Amino acid sequence: MAVLKVKFTKTKRDKLAQILWILNWVSVVSGIILFSLGLFLKIEIKKRNEVMAKGDINSVPNMLISVGVIACIINFLGGKICYDCSDANKFSRWKLVMLPYIVCTFCFTFCILVGALMCYTMRNELEESLYLGLRDAIKFYKDTDIPGRCFLKKTVDLLQIGFRCCGNNGFRDWFEIQWVSPRYLNMASKEVLDRLKSNVDGKFLVDGVPFSCCNPSSPRPCIQYQLTNNSAHYNYDFLTEELNIWMKGCREALLDYYTGIMRSIGIAALFIWLFELSVLIGVRYLQTAMKNVLLLGDLEGESDGWLLENSFVETAKYNINIIKNLGKANQISTVSGMNDPNINVQNSDCDKTNITTKSIPAAR
């Protein structure tokens, strides 16, 4: 029994073909939108590539870009097919192409759904990439004279100013590394030497942060050195007073920024998926209706269109059997009750052993 069967007159078939022709061109625009969203996300990730570790974070934008390009090609072809389906004679040239086209379009539509879901599952990979990338960037903040690292100080400073953040997880991350370049340390100073000797690794560690962590909106001048020393500043209490530096870590700030972008892209991709799915259903109805009108032989008469020719269970069983039988065409079936067709076949005369031979008459 057909699933969701609908009866179409010639007028309805023509209108459906015209509507689908227009919707396929709208789908081409939606493919361009997908491509643009993927390209935008890829550029945004590329901007902060210096503070991200290498990983699979580009899989989502690459997926969206690929799906967008495929959408333009498939929907352009679909528009041509639907336009020709308004004429039964022109439909004949697409008759054998329609079903493979619908199957390919279904797979492509599924890829759009996967791309939309990936926008919501990318957060963990992005968080790990940001954590490792920011950790290394902060570690090499002081290396302003080393090729390949000299740009990291500027990158981290601009990042902390632009996103109003400080450190990787927070401002205390700067307490655990030497972020002051050795070229600016006075090795003749007893205070500097004592700090270097007091650390096991011989690093110059201070309870301070770079200037880019300062909050310019604070009414008090920025306190970026000796943050934990109450006596070093007038009317200052480290534990109770709100500090005039950014409290949020840059990993959290960047993660919120990219999560917001991917959430918006994911919602847009879901709407495009629903739209593409509705167009695909319409093309399926048009294909079955045109196929049946050719079988009936009355091009002006009514014909049935459906989503599935048989029920969901029967269709699933049929497809499963096709998959199971793949590659078995050249194999002998060993299933119980299925015998080799060559078994028990009567032997030909050439296999007989008791054959009466005629004697050749002797020459006289």
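- As annotated in an unreviewed UniProt entry, the chain is RDS2 protein from Sitta europaea.
- Entered under Sequence similarities (unreviewed entry) in the UniProt record, the comment concerning the chain runs "Belongs to the PRPH2/ROM1 family."
- Recorded under Subcellular location (unreviewed entry), the UniProt text for the chain is reproduced unchanged: "Membrane".

1. Considering the environment of L255
Then, in step 1: Summarising the element assignment, L255 is placed in helix α8 (residues 250–296).
Then, in step 2: Overall, L255 belongs to the buried group, its relative accessible area being 4%.
Then, in step 3: Sequence separation between L255 and L130 is 125 residues, and the spatial gap between their C-alpha atoms is 7.8 Å.
Then, in step 4: Contact partners of L255, with chain neighbours within four places excluded, come to R123, L126, E127 and L130.

2. So, the nonpolar core
Then, in step 1: One finds F171, W174 and V209 to be the most contacted residues of the largest nonpolar core, which totals 78 residues.
Then, in step 2: Where this core is concerned, the elements lending two or more residues are α1 (10–47), α2 (59–84), α4 (95–121), α5 (123–139), α6 (152–163), α7 (190–198) and α8.
Then, in step 3: Looking at this core, the element that brings in the most residues is α8, giving 17 residues.
Then, in step 4: When residues no more than four places from it in sequence are discounted, the contact partners of V209 are C166, F171, W174, F175, W179, Q224, L227 and I245.

3. Re the environment of W21
Then, in step 1: Mapped onto the fold, W21 is located in helix α1.
Then, in step 2: The exposure class of W21 is partly exposed, given its relative accessible area of 35%.
Then, in step 3: Taking the C-alpha atoms as reference points, W21 and C82, separated by 61 residues in sequence, lie 5.3 Å from one another.

What counts, and at which threshold
- Within every chain, residues take consecutive numbers counted from 1 along the sequence as written.
- Confidence filtering applies because this is a predicted model: local features only for residues at pLDDT of at least 70, side-chain atom pairs given and counted only at 80 or more, and all residues used for totals across whole chains, interfaces and linings.
- Each side-chain value is worked out from all heavy atoms of the structure, with water and hydrogens disregarded.
- UniProt positions are given in the numbering used here, feature names are shortened, and annotations may be inferred rather than shown by experiment.
- Secondary structure elements are taken from DSSP: a helix is a run of H or I of four residues or more, a strand is a run of E of two residues or more, and numbering for both begins at the N terminus.
- Throughout, exposure labels follow a simple rule: accessible area from a 1.4 Å probe, protein chains only, divided by the maximum for the residue type, with under 20% read as buried, over 50% as exposed, and the rest as partly exposed.
- Throughout, a residue-residue contact means that at least one pair of heavy atoms, one from each residue, lies within 4.5 Å.
- Here, the term nonpolar core denotes a set of buried Ala, Val, Leu, Ile, Met, Phe, Trp, Tyr and Cys residues that are joined through side-chain atoms within 4.5 Å.

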